[in-house]
Structure formats: structure tokens, C-alpha cells
Amino acid sequence: MVILHTRLGSIQGNERENCYEFLGVRYAKADRFEYCSLVTRWDGTYDATKVGDACPQKRQYYPHYENKARAFYLKEFREHDTYTYSEDCLNLSIWAPKDGEKHPVIVFIHGGGFDSCCNSESNIDGDKYAKRGVIMVAINYRVGVFGYFTNKENSDKNGRDGNFGLDDQMKAMMWVKENIADYGGDPLNITLMGQSAGAISIQYLCLNEKCDGLFNRAIMMSGAGLFPKFALPRRAEDTRNYWDQLMEIAGVKSLDEFKALDHQSLFDAWEKLKDLRKDNTYNTMPVVDGYLIEKPIDEMIKNPLKKDYMIGYTNNDMYALIMMKIGMKFAKDNNAYTYFFDIDAPGDKNKAFHSSDLRYAFGTLNKSWRPYGEYDYKVSEMMIDYFSNFAKNGNPNGENLPIWVVKPGKSLHFANEIKMVKPPKFRLFCNTIYGLKVR
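Residues numbered from 1 in each chain as written. Predicted model: local features only at pLDDT ≥ 70, side-chain atom pairs only at ≥ 80, totals over all residues. Heavy atoms only, no water.

(A) Structural context of the overall build of the protein chain. Looking only at helices and strands, the protein chain has 15 helices and 15 strands in total. Along the three orthogonal principal directions, the C-alpha set of the protein chain runs to about 65 × 55 × 45 Å. A buried classification covers 60% of the 439 residues belonging to the protein chain. Taking all contacts inside the protein chain whose residues are at least 6 apart in sequence as the whole, residues at least 24 apart take part in 77%. Carbon and sulfur atoms make up 48% of the accessible area of the protein chain, which totals about 18100 Å². In the protein chain, 58 side chains carry a positive charge and 58 a negative one; their mean positions are 6 Å apart. (Helix = DSSP H or I, 4+ residues; strand = E, 2+ residues; numbered from the N terminus. Buried < 20%, exposed > 50% of the residue type's maximum accessible area, 1.4 Å probe, protein only. Contact = heavy atoms within 4.5 Å. Areas by Shrake-Rupley, 256 points an atom, 1.4 Å probe, with all protein chains shown as cover. Lys, Arg positive; Asp, Glu negative; His and termini not counted. Charge placed at Lys NZ, Arg CZ, Asp CG, Glu CD.)

Right, here's the structure in full:
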């Protein structure tokens, strides 16, 4: 155990071989369908020795493991683990080197399609980064109905609509900026890192002037750049009908009743709504709210952004060919480092599936059921070196690493040999997650 004295109060964490680990640190609090406020003090000694609660989500009540994709990702990242869910879920975990100060900081935003997942799944661990002198922070934020509900009455009250989850992410960054020095971090050297919906969230935050000064660079895995028009955020007012219908199915007569509805009843109603509609995905994600996303993304993204960027995708990523085309264009426009992860995951025929690079990037191959070999572990160490170097100074290159350059049309190829190449289209299999082949 370790006890640290911070400006918010004393905090107790775990001591590991390479780091001090502080888990489930509450950074903000919020009532349902309200924007959160930062935690500025706690009484006594905060117990940060165990992971915090995750946001309530559909997999608690309707996991649908008859769906091959859901069963696949259960086995991949969550099987045999136990999670606790509550709306008091605005917490983060910190892995910090044991000595020194002004360490560069990475803040990781998990994926999950904006309606699931959390920061304590088995692929996430910051120990290997702390060993390299980098602080890793992984955040929880509100997802699904709790993160992206829109409603006119609520909008009139708050002056803006929806995007509670995106706002949580911005507030987490503010907390890190204000408090990470107490853990040995440099508040002037912060990198955002995210995967899938987490990477898309980072893209939105990069476009938001309200986030200026909160971070210096971004690593976006499987979700960088401008997405096709069908996947772009809708206007908040255009999604209200979806949530109004949910309230009707739930049998509530007012917003206050909906705020008080128990989780089981809420998810029962949501399950019925999902059977009635085919546009669930597009109504349960960030919206153009005039505040965090001020106007349509395709209008905002036209000018180069003033950040250091790294983006990547896998050979069997979600919509892999589209991911490559859009990602490479974004990289050219924004002078970004790009990688193409082309190492097929051992153990089945799903190749480098969407999210397969996460365990390499966190050094958690040993927590998987897959029979990873010596070369996989070598690549993982190199990937963490690249990401750590990028977090330190915006340049991923370092001693004993193949050279990685910014060059339009070319990416660092993680394969049997690691080198710069033009991504071979024949290695992009373009399956969606629903195309997974499960043994």
C-alpha cells in the first residue's frame, strides 16, 4: 500500500513493481441527466485500492450472448471478471512511476460504441507505461442513455442538450490538468489516447475550442478522422423523438419520473424500443449540441488541427477499407503518424480484429486466453515504446526502434517485419464486428 497527500486530501493506493496504482478515483459527480461537477475535496483518506463502478449498461440486463460478436468480445476482454455498476461512475485510475516529477501523461478513453465498456476491462493496465516514465490515466464516463439522452425540457433547463458522456470526458481532462502534478505528472504534457468510440470522442474534443490547453497530442486507434455521413453526429433536436419514445414505453409521465426510474425498468423499456427501431446506434452517440460539438463535424474538420496526431487501424478492423481511406486522408491533412496493425491474433481465424491491438498497446497479452508467442510480446514492447516516446515529445522514434516517419500514403506496418509501407489493400478484410468467425 501507499498513501499520497494531495491537494484534494490523502489517498491510499496499491504499490506494484513498476508503479503506484490508484484505482477508482472519483473525479466528478452528477445526478442523472445533469452535467457533472468536479470533485474538489474529500474527507479522510480516499481508498483507491480497487476499481470504481462502471456506468450502468445494457450488458447487465440484456447481454445477448447468442449474438456471436457479443460473445466474442465477452471472451476477449471480460470473461470471468466481475464488474460493479452504478450511476456514481465518474472515476478514473492512475498508474504513476514511483519517483520523480513532471512525467508525461496519457489519458485513455475506452471504446464500446458509446453505450458500453469501462476502464477496468482486462486489456487496460498502465504498469508498462509507468516503467517507461509515463503516467497512465484511464477514465470512466457515462454511456448509453445516461450519456447521450436528449430532451427539450432538460435542454431548456441546462441551456444545452445531451452529450453528458462527452462532457464527462472533458471534465476528466480538467481534473487531470489540475491534479496530476500531485501524482508526479506534468500538467503541460498530456496526451489523449482512445480506441474506437474513445478515438472518435477524442476527434470531437480536438475540434472543441473549450478543450484548448487541456492536452497536447492525440493517439486515435480505430476511429480517427472524418467518418462517412451516415455515422456523423445528428443534431440534438433530431434525436429527441427516440428518447421521448423510450419514456413513453417506460410508462413515465414526466422527466422527473424518468430521472427516478430504476435501472431494470429503464433497460426493459430500452430493450423493447430497440426491437421497434432500426436507428438505435445513431441516436445513442454524441450530438451536435452547439456547445461541445458546435456544428456539423464535416464543416468543423476542414481546417488542419493544431495537435500532434497518431492514428492506427487493423487489417480486419470495423469497416477496414473505409477506415484506411479516411484515416490516411486525415493523416495527410494533419501531418499525423499512422500505423497499420497487420498481425493476426492467434487462436482463431479472426485475423487482426477490431480492438486486437489494444492488448499489445497496454502490454496485457498475458491476460488473454490466446496463445501469444515470443514475437507478439516483442511487438507489444515496441508498441509501448513508440506510444511512450510520442507522449513525451510528439515523436514516437527512439533507440532500437524501426524508423517511423510522417509520410503521406505510408504507415508503419506492424507485421512479420516492422517498417514503413503503403498499406496493402489485399490485407484489409473489411469485416464488421458482426462478421467475426467464432470457433
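(B) Molecular detail of the side chain of Asn316. Its place among the elements puts Asn316 in the loop between strand 12 (308-314) and helix 13 (320-334). Residue classification places Asn316 among the buried positions, given a relative accessible area of 6%. At 3.1 Å, the side chain of Asn316 and the backbone oxygen of Asn350 are in polar contact. (Polar contact = N/O pair within 3.5 Å; in protein donor to acceptor, adjacent residues only side chain to side chain.)

(C) Layout of the environment of Lys295. Residue position: Lys295 is located in the loop between helix 11 (280-283) and helix 12 (297-300). Judged by relative accessible area, which is 42%, Lys295 ranks as partly exposed. Considered as a pair, Lys295 and Ser380 are 85 residues apart in the sequence and their alpha carbons are 39 Å apart. Excluding residues within four positions of it along the chain, Lys295 makes contact with Val288 and Met300.

(D) View of the pattern of salt bridges. Summed over the entire model, instances satisfying the criterion amount to 31 salt bridges. Across the salt bridge formed by Lys128 and Glu381, the nearest N and O atoms sit 3.2 Å from each other. Within this pair, whereas Lys128 is found in helix 3 (residues 127-131), its partner Glu381 is found in helix 15 (residues 374-393), the two being separated by 253 residues in sequence. Arg132 is the salt-bridge partner of Asp385, the closest N and O atoms lying 2.6 Å from each other. A residue pair is termed long-range when its members are at least 10 positions apart, and Asp385 in helix 15 and Arg132 in the loop between helix 3 and strand 9 (135-139) qualify at 253 residues. Here the salt bridges share partners, and the residues they tie into one network are Arg16, Glu21, Asp125 and Lys367. (Salt bridge = Lys/Arg side-chain N within 4 Å of Asp/Glu carboxyl O.)

(E) The arrangement of helix 15 in detail. Counted at 1.5 Å a residue, the expected span for helix 15 with its 20 residues is 28 Å, and the 29 Å between its end C-alpha atoms agrees. Every buried residue of helix 15 is listed here: Asp376, Val379, Ser380, Met382, Met383, Ile384, Tyr386, Phe387, Ser388, Asn389, Phe390 and Ala391. Count one or two residues on from helix 15 and you reach Gly394, which has phi positive near 85 degrees. (Expected span 1.5 Å × (residues − 1).)

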